[in-house]
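Reading the structure
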Amino acid sequence: MAILESGKILPDERGRVFLTPNLYSPDEVNNSLYMGRKSSDYGEYRITVQLYPGAEYNLRYINPTQPNEIVYHGTIRNGRNAILTVMKNK
């Protein structure tokens, strides 16, 4: 898993990382987050993100594209601006 190996979550081409405050089962991930467009192995792992104080200024809660969406602008790095925990999704 690239996030576990690199210790960072990279943004898309517009500089955004999409997060959700909701917990989803592996079966719900593809439909709820990817509208059924990803393979069935999406949702096998989940990543919790605990932002360090000051990093929350890169969050955008206003005008997300989905009600279950939070947008972070920039790269999220473990130990630099957040604590990333990767675990098996149950």
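Source: prediction; values computed, not measured.

**Concerning a nonpolar patch on the surface**
- Together, Met1, Leu4 and Tyr45 line one region of the surface with nonpolar side chains, adding up to about 310 Å² of accessible area.
- One can find Met1 in the segment before helix H1 (2-6).

**Digging into the sheet that holds strand E5 (residues 70-73)**
- Pairing is antiparallel in the open sheet, where three strands are placed in the order E2-E5-E4. Two strands in the sheet have a free side with no partner beyond their single neighbour: strand E2 (16-19) and strand E4 (59-60).
- Inspection of the sheet shows E2 paired to E5 by four bridges, in the antiparallel sense. Bridging across to E5, Leu19 finds its partner in Ile70.

Definitions and cut-offs
Residues numbered from 1 in each chain as written. Predicted model: local features only at pLDDT ≥ 70, side-chain atom pairs only at ≥ 80, totals over all residues. Heavy atoms only, no water. Patch = residues over 30% accessible without salt bridge, like charges linked within 9 Å, V, L, I, M, F, W, Y side chains within 5 Å. Areas by Shrake-Rupley, 256 points an atom, 1.4 Å probe, with all protein chains shown as cover. Salt bridge = Lys/Arg side-chain N within 4 Å of Asp/Glu carboxyl O. Helix = DSSP H or I, 4+ residues; strand = E, 2+ residues; numbered from the N terminus. Pairing = 2+ DSSP bridges.

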